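Listed below, chain by chain, are the residues.
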Amino acid sequence: MAGTPGTRHWIAQAKSFFERYARELFRNKTVLFWSIAFPVGFYLLTITVFVPVEEIPANERPYIFAATAISYGTFGAIIVCLSSFGQQLAADLEADRYKQFRALPIAPTADMAGRMLAGLLLATVSFLAVVVVSLGTGASYTLRSIASVPIAMLAFVGFAVVWMVLAMVVASAITDERYAALLTVAVALLAYMLTGYNGTDPGSYTGPDVLLNYLPNTLPSRVLVYQFVDAPASSLAPPALPSTIWSVGTLTLYTALALGVGIVVVRTRIYGTGVLA
């Protein structure tokens, strides 16, 4: 694109886009309900109605509740990254805002970075809301090692980036905000339910076990449970959770590939500038 800004200008643009998108997301009561209240309520409903608490030994309840909370926390993050994030982008496309943006010396990747950071912030709030509420229900969390925090951060960021890029693909193909919202919500629900609650409950998953260590929603969720819940690794089997090095490497690869696809989409489909612009 002619007149592409330098590094400082790019950072300033990304910051402006982040502030705009974050403001829109956090001021939207409907978005906040589905992103925060819904997964929190779903967690509370599950442990009070669907989990046979009386049949669970008292010493196992804290980590079962914690694993369940992480499961619903990642579900809330999927809703944010797919539905809330995608719906916001679709609304901008439907309102032809990008016709104005294309006429300005805007770096498409600065727009993408700002939008993703805003989505990641809300996804983090959604996840932590469920975790914090779970503490009041008796859930207990323990760091597996000193490296658990950076590993978990990588897992969560990679998880969020993959779903946000998928939302970008959907929104750029279906620019109608209502249809994009319906499709992304359906994908979020199906991805969660059909993969054993994001891979945290292998017993409810009916597909090939090995996929739970490869799918972009199940591997990060299983890593989060392993790093933060003091439960035997066998509780996530089958399949056995792969080594930390393998998990980190796979998640890093997923994140890099997703970012590459996102850059292509934002440049070619949203801004129409060409891949190398």
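Read on for an overview of the structure. Note that this is a predicted model, so its numbers are computed, not measured.

1. Description of the overall build of the protein chain
Next up, step 1: Summing up its helical and strand segments, the protein chain has 10 helices and 0 strands in all.
Next up, step 2: Compactness check: the protein chain gives a C-alpha radius of gyration of 19 Å against a globular reference of 19 Å for 277 residues, within 12% of the reference.
Next up, step 3: With the C-alpha coordinates of the protein chain rotated into their principal frame, the extents come out at 65 × 40 × 35 Å.
Next up, step 4: Scored against the burial criterion, the 277 residues of the protein chain give a buried share of 48%.
Next up, step 5: Contacts in the protein chain between residues at least 24 apart in sequence constitute 80% of all its contacts with a sequence separation of at least 6.
Next up, step 6: Approximately 12700 Å² of the protein chain is accessible, and the part contributed by carbon and sulfur atoms is 68%.

2. Overview of the side chain of serine 148
Next up, step 1: If you trace the backbone, serine 148 turns up in helix α6 (residues 148–173).
Next up, step 2: Side-chain polar atoms of serine 148 contact the backbone nitrogen of serine 145, separated by 2.9 Å.
Next up, step 3: Only 2.7 Å separates the side chain of serine 148 from the side chain of glutamine 227, close enough to count as a polar contact.
Next up, step 4: The contacts of serine 148, once residues within four sequence positions are left out, are Leu143, Gln227 and Phe228.

3. A word on the nonpolar core
Next up, step 1: In this structure, Tyr43, Tyr98, Met116, Met168, Ile270 and Tyr271 are the most contacted members of the largest nonpolar core, which totals 70 residues.
Next up, step 2: Among the elements that make up this core, the one with the highest residue count is helix α3 (residues 61–94) (18 residues).
Next up, step 3: Setting aside chain neighbours within four positions, we find isoleucine 270 in contact with Leu89, Leu93, Tyr98, Arg102, Met168, Ser172 and Val265.
Next up, step 4: Judged by nonpolar contacts, the second largest core, of 5 residues, contains Ile151, Ala155, Val223 and Leu251.

4. As for unusual backbone geometry
Next up, step 1: A cis amide bond links alanine 237 to the next residue, proline 238, at an omega of -5°.
Next up, step 2: Following proline 238, the chain continues into proline 239 via a peptide bond in cis, with omega recorded as -5°.
Next up, step 3: Tracing the chain through its elements places proline 239 in the loop between α9 (218–228) and α10 (244–270).
Next up, step 4: A positive phi angle is found at aspartate 96, which is not glycine, with a value near 60°.
Next up, step 5: Structurally, aspartate 96 is set in the loop between α3 and α4 (97–102).
Next up, step 6: Accessibility expressed as a relative area gives 36% for aspartate 96, which makes it partly exposed.
Next up, step 7: At asparagine 198, a residue that is not glycine, the phi angle is positive and equals roughly 60°.
Next up, step 8: Its location among the elements puts asparagine 198 in helix α8 (residues 196–199).

5. Points about the environment of phenylalanine 65
Next up, step 1: If you trace the backbone, phenylalanine 65 turns up in helix α3.
Next up, step 2: Separated by 73 residues in sequence, phenylalanine 65 and glycine 138 have C-alpha atoms that sit 7.1 Å apart.
Next up, step 3: Excluding anything up to four places from it in sequence, phenylalanine 65 contacts Tyr43, Ile47, Val51, Val53, Thr137, Gly138 and Ala139.

6. Side note on the packing of helix α1 (residues 7–27) against helix α5 (residues 108–135)
Next up, step 1: Running from N to C, α1 and α5 cross one another at 40°; their axes reach a closest spacing of 7 Å. When the axis of α1 is compared with that of α5, the two are oblique. Here α1 runs over α5; the crossing is right-handed. Between α1 and α5, the contacting residues are Trp10, Gln13, Ala14, Phe17, Phe18, Tyr21, Ala22, Leu25 and Phe26 on the first element and Thr109, Ala110, Asp111, Ala113, Gly114, Arg115, Leu117, Ala118, Gly119, Leu121, Leu122 and Val125 on the second.

Reading the values: rules and limits
- Residues numbered from 1 in each chain as written.
- Predicted model: local features only at pLDDT ≥ 70, side-chain atom pairs only at ≥ 80, totals over all residues.
- Heavy atoms only, no water.
- Helix = DSSP H or I, 4+ residues; strand = E, 2+ residues; numbered from the N terminus.
- Rg over C-alpha atoms; globule rule 2.2 N^0.38 Å.
- Buried < 20%, exposed > 50% of the residue type's maximum accessible area, 1.4 Å probe, protein only.
- Contact = heavy atoms within 4.5 Å.
- Areas by Shrake-Rupley, 256 points an atom, 1.4 Å probe, with all protein chains shown as cover.
- Polar contact = N/O pair within 3.5 Å; in protein donor to acceptor, adjacent residues only side chain to side chain.
- Core = buried A, V, L, I, M, F, W, Y, C linked by side-chain atoms within 4.5 Å.
- Axes fitted to C-alpha atoms, helices over the stretch in contact; angles between N-to-C directions.
- Parallel < 35°, antiparallel > 145°, perpendicular 65-115°, else oblique.
- Left-handed = near helix turned anticlockwise from the far one by under 90°.

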